Amino acid sequence: MIDIDELVQPERGRVNMRVYVDEDIFREELRRIFYTTWVYVAHESELRQPGDYKTTYIGLVPVIVSRDAGGTVHVLVNRCSHRGATVCQHESGNAKSFRCEYHAWTYALDGGLIGISRQSGYAPEEVAEFNAGLQAVARVASYRGLIFASFAADGTSLEEHLGGARPYLDEWSDLSPTGSVVLEGGTWKHTYNGNWKLQVEGSNEGYHPEFLHRMSSAMRNKAGSGAGHYPWAESDARGLDLGNGHSIMEFPDNRVPQAPDYVALLERAHGKERAARALNGSWRMAIFPNLAISQANLRIIRPLAVDRTEVWQQHVALPGVPPAVNIGRVRGDEFFYGPSGAGAPDDLEMFERIQEGARSVSNAELDPWIWFNRGLRGETRGSNGERVAHTTSEVEQRAVYRAWYALMNAGASKSSIAERR
Amino acid sequence: MNRAEAEDFLYREARMLDEGRLADWYALTTDDIEYWVPINRDDADPRQHVSIVYDDGPRLRARIWRSAESGFNHSQDPQSETVRIVSNVEVEPAAATGEVTVHCALLLCEYRPGSARRDAVPRTFAARCRYRLRPAGGDWKIAYKKVSLLAMDGALPAMTFVL
């Protein structure tokens, strides 16, 4: 029996560690979160030409994101309707069609079944039995180049779902004078032995860098590229719960010096006000359930199992800017991130330590609760109703579990969850 | 430099790294060292494309400082033990500058002994390596080291030991 109220208590800011280790909860998360809500799948810069495709996952479901000859983007389940083999084996590429190599059934870029080998061996009634074509994910929508898909035929629109995250995505895209960033410059891929939510919570956690990452600013100074120590606790850095599980940590006082020619380009393209918004400080945002974005990178979080997660972190480049700007972004991103970076490996280590600690919940006599209640009582409301607190207050992490609680409770009584098991 | 001399050099380097003598290893590099662990197979310009590691001298020094001296290398607590097997050594004819390009294959086994995580198992990384060695007072120094991991574009765990 899964009782959501025994797992997550947003009003107290506490979470039962079972949510990291319980396989039944993991299955329910797939169904109620990954197979229901909007999940990020691709950026339009990865699908520029007709026939361009990439493969990715929604939860455990392998999907192909393709652009057809007419320019429409489709999100298709990567599974032959005949025997279930995947029909596309590559991370990305350009194709006219997708063919299952087992019996040579062929599918168009929109998923339509366009070829059955030796079709004369099938009676028409037999062909009518199966689902002709790759199954399409019910809804596909994009915002500022970010393509999301949802298996739910009905529900909130992507714009509503993104809500308070949209102005930040506007700023993000405005970092280029073209009004659009591109996912170019490399992808780091990590796996860790831990639950997927650890990376979602950990993507904009403002309480830990002063401690876990204190050596990375020291290293930066030693490497001669030091911006010095950022005074996290004393700064004006804020955390915002933007609703629907999305949250942001922002550093309005952390003004990164920008090249004057770059600033001038942005001002010419967007006007002074929009350019200033794009360049004002820095931030890191989590878009529930599988995306995190900063000015320099985009992170996709993919659950593999209750205790195993894969993370793809793609570098974000700016078209239409002086080359030195992009070189600086690459070097800055690389310093901290990647399997051998000055910061990211420590986060992975912490996720694995937490997963190890969470095994203790198998003993029901032990206290199962972990805490995200720092600064809960100090939360205020912003002009759009968003919850605001200092970034070290864990407000960003509470955002994740508020959405988790709502989605895991939605549409079914607790007893129906128990019955299905 | 002939193959036997190249092997002597590479074995010595491997043992230095396996024994954690990072300061000695850093002394074996030139001031203008380029130390590169790429993340893709197409040799994209590492200035315009992120890498697993792309260090100049100061960045490499900071990396080594953290590993050897800072006391705060969390993903190396406890520290990895490694065994490197170097093979398939080939030496190109020396350039006019006297520098020599050396190729080899590397098999690196890594293990974190004493880890409380009892399921920790040794991990194996295979790589092709390319060096450019510069003559330096009767010995050689590493001016360039590129480590192309077999799984460079696959999902990797944290790798904060020196490759």
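Everything that follows concerns the structure shown earlier in this document.
Summarised in this report is the structure supplied together with it.

Calculation notes
Positions within a chain are numbered from 1, following the residues in the order the chain's sequence is written. Key to labels: chains lettered from A, ligands numbered from 1, both in the order written. Under the rules for a predicted model, residues below a pLDDT of 70 receive no local features and side-chain atom pairs below 80 are neither given nor counted, while totals for whole chains, interfaces and linings still include all residues. Side-chain calculation: all heavy atoms of the structure are included, whereas hydrogens and water are not. Each helix is a run of H or I in the DSSP string that is no shorter than four residues. Each strand is a run of E no shorter than two, and both are numbered from the N terminus. Buried means the residue's accessible area, taken with a 1.4 Å probe over protein chains only, is under 20% of the maximum for its type, while exposed means over 50%, and partly exposed covers the values in between. Should any heavy atoms of two residues lie within 4.5 Å, those residues are considered in contact. Only the protein chains shown count as covering a residue, and every accessible area follows the Shrake-Rupley method with a 1.4 Å probe. His is not counted, nor are the chain ends; Lys and Arg add positive charge and Asp and Glu add negative charge. In plain terms, the charge of a residue is placed at NZ if it is Lys, CZ if Arg, CG if Asp and CD if Glu. Strands qualify as paired when DSSP identifies two bridges or more between them. Lines fitted to C-alpha atoms define the axes here, with helix axes fitted over just the stretch in contact, and angles between the N-to-C directions of these axes take values from 0 to 180 degrees. Surface patches are drawn from residues lacking salt bridges whose relative accessible area is over 30%; two like charges belong together within 9 Å, two nonpolar side chains (Val, Leu, Ile, Met, Phe, Trp, Tyr) within 5 Å. What makes a salt bridge here is a side-chain nitrogen of Lys or Arg within 4 Å of a carboxyl oxygen of Asp or Glu, nothing more.

## Let's talk about the overall build of chain A
Next up, step 1: Assigned secondary structure in chain A consists of 14 helices and 22 strands.
Next up, step 2: Overall, chain A is about 75 × 60 × 40 Å in size when its C-alpha atoms are taken along their principal axes.
Next up, step 3: Looking at chain A as a whole, 56% of its 421 residues are labelled buried.
Next up, step 4: Here the analysis covers contacts within chain A between residues at least 6 apart in sequence; of these, 64% occur between residues at least 24 apart.
Next up, step 5: Of the roughly 17,600 Å² of accessible surface on chain A, 49% is carried by carbon and sulfur atoms.
Next up, step 6: Counting 45 positive and 53 negative side-chain charges, chain A places the centres of these two groups 2 Å from one another.

## Examining helix α8 (residues 214–222) of chain A
Next up, step 1: What α8(A) keeps buried is the set Met215(A), Ser216(A), Ser217(A) and Met219(A).
Next up, step 2: One or two residues past the end of α8(A) sits Gly224(A), with phi positive at roughly 85°.

## Looking at the sheet that holds strand β12 (residues 146–150) of chain A
All names here are of chain A.
Next up, step 1: As summarised here, the arrangement of the 3 strands in space is β3-β12-β11, forming an open sheet in which the pairing is antiparallel. Two strands in the sheet have a free side with no partner beyond their single neighbour: β3 (39–43) and β11 (139–143). The sheet shows a mean angle of 30° between the axes of neighbouring strands, taken without regard to direction.
Next up, step 2: Where β3 and β12 come together, 4 bridges link them in antiparallel fashion. Bridge assignment links His43 to a residue of β12, and that residue is Leu146.
Next up, step 3: Along the sheet, helix α5 (residues 166–173) makes contact with β3, β11 and β12, crossing β11 at roughly 60°.

## Quick notes on a nonpolar patch on the surface
Residue and element names in this part refer to chain B.
Next up, step 1: Residues Val83, Ile85 and Leu107 make up a contiguous nonpolar surface patch of roughly 240 Å² in combined accessible area.
Next up, step 2: You can see Val83 is positioned in strand β3 (residues 81–91).
Next up, step 3: By relative accessible area, Val83 is classed as partly exposed at 48%.

Just geometry here; none of it tells us what the structure is for.
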